[in-house]
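# Breakdown of the fold
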Amino acid sequence: MNPWLLAARPKTLSAAVVPVLIGSALAAHEPTAISWWMFFFALTGALLIQIATNFINDALDFKKGADTSERLGPIRVTAAGLISAESVMRAAWLCLGLAALCGIPLLYRGGWPMLLIGLASIAAAYAYTGGPYPLAYHGMGELFVLLFFGFIAVGGTFYAHSLQWTQSALLAGFAAGSLATVLLVINNLRDIEGDRRSNKRTLAVRFGEGFARAEAVFFTLAPFVAVAGIAWIRGHWGLLLTLAALPFALLVIVAVFRSRGARLNRALAFAGALQWTFGILFVAGAMV
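Residues numbered from 1 in each chain as written. Predicted model: local features only at pLDDT ≥ 70, side-chain atom pairs only at ≥ 80, totals over all residues. Heavy atoms only, no water.

On to the overall build of the chain. A tally of helices and strands in the chain yields twelve helices and zero strands. Starting at the N terminus, the α and β elements of the chain follow one another as α-α-α-α-α-α-α-α-α-α-α-α. In terms of overall dimensions, the chain is globule-like: its C-alpha atoms have a radius of gyration of 18 Å, near the 19 Å expected for 288 residues. In terms of principal-axis extent, the alpha carbons of the chain reach across some 55 × 40 × 35 Å. Across the 288 residues that make up the chain, the buried fraction comes to 54%. Surface accessibility of the chain: about 12,500 Å² in total, with carbon and sulfur atoms responsible for 70%. Each charge class in the chain was averaged separately, 20 positive and 12 negative side chains, and the resulting centres sit 3 Å apart. (Helix = DSSP H or I, 4+ residues; strand = E, 2+ residues; numbered from the N terminus. Rg over C-alpha atoms; globule rule 2.2 N^0.38 Å. Buried < 20%, exposed > 50% of the residue type's maximum accessible area, 1.4 Å probe, protein only. Areas by Shrake-Rupley, 256 points an atom, 1.4 Å probe, with all protein chains shown as cover. Lys, Arg positive; Asp, Glu negative; His and termini not counted. Charge placed at Lys NZ, Arg CZ, Asp CG, Glu CD.)

Below you can see the structure in the form of structure tokens.
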């Protein structure tokens, strides 16, 4: 595979796409019609920020010693010597610059709330692994993912279409953020020994494997509770179509409890399938 494609981590991009799909589907039932231009710019901007975050993580984890030849997860291009850390960081800044350009139409549409969302998202893309207090190294990864790949991504997309904030959008943000957090928790569980050696203080490192597995169960099941709440608030029972994704959720949970080390990559694949399935079913249910 092309090294740049590897660095972009295409299997993780559902974390950027699904929240935009959910936010747009939710806005479809508001009096203000969906703007397909807003959908395009929100989706493109989200993808660029996600790719930039992956690039920065790849380069800086290598520099901090978190990615080594003993890594159990997918190959990291900087650690493997395929691309220099400097080149990967330049590509990250380019992606963030293009994401800022995508934010201009969103700013014109939504005003200062969209400006705040854009600036916070770009800053957080770097702060996740970089800066004087990297969030991922201080046990704040889950909070970062839940906030930026959940509440902000869904809420910002919903606001770009409807120019309002609602309780339903908040719950939908929690659902999308939980799905993305599952991916992070499984990653941290798989990499727990390497993270300990590199002093990367994830919650899995701080509180142990049992805590991480409990986290994975909570964030795997939480989206279904949240979507039931949305269906009840809006009286839109078609959204319960997302319950059809429960078999994937059970696969994730079983794989998390039965797997150790590199075998958790299978649980990660199930979690990715769950995220895509939930997102697609949410859109389908919203259209019913």
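Taken together, the side chains of Leu94, Leu98, Leu101 and Ile104 present a nonpolar region at the surface, about 390 Å² in accessible area. If you trace the backbone, Leu94 turns up in helix α4 (residues 85-110). Take Leu94: its relative accessible area is 54%, and that puts it in the exposed class. (Patch = residues over 30% accessible without salt bridge, like charges linked within 9 Å, V, L, I, M, F, W, Y side chains within 5 Å. Salt bridge = Lys/Arg side-chain N within 4 Å of Asp/Glu carboxyl O.)

Here the chain shows a mean pLDDT of 91. Residues at 70 or above account for 97%. By mean pLDDT, helix α8 (residues 192-197) is the weakest element of the chain at 86, and helix α10 (residues 209-234) is the strongest at 96. (pLDDT = per-residue confidence, 0-100.)

Scanning the model with the defined rule gives 14 aromatic pairs in all. Seen from their ring centres, Phe151 and Phe174 are 6.4 Å apart, and the 25 degrees between their planes marks the pair as stacked. Within this pair, whereas Phe151 is found in helix α6 (residues 141-162), its partner Phe174 is found in helix α7 (residues 167-190), the two being separated by 23 residues in sequence. Ring centres of Tyr159 and Trp165 lie 4.6 Å apart, and the angle between their planes is 15 degrees; on these two criteria the pair is classed as stacked. (Phe/Tyr/Trp six-rings, centres within 6.5 Å; stacked < 30°, edge-to-face > 60°.)

What follows covers empty space enclosed by the protein. Across all of its chains, the model carries one cavity of 30 Å³ or more by this definition. The calculated volume of the largest cavity comes to roughly 30 Å³. Around the largest cavity, the lining residues are Tyr128, Ala136, Gly139, Met140, Gly141, Glu142, Leu184, Asn188, Thr202 and Leu203. Looking at the lining of the largest cavity, the elements with two or more residues in it are α6 and α7. (1 Å grid on protein atoms, 1.4 Å probe; cavity = no way out; pocket = protein on both sides within 12 Å on 5 of 7 lines; lining within 4 Å. Points joined across faces, edges and corners; volume = space filled by probe spheres on them.)

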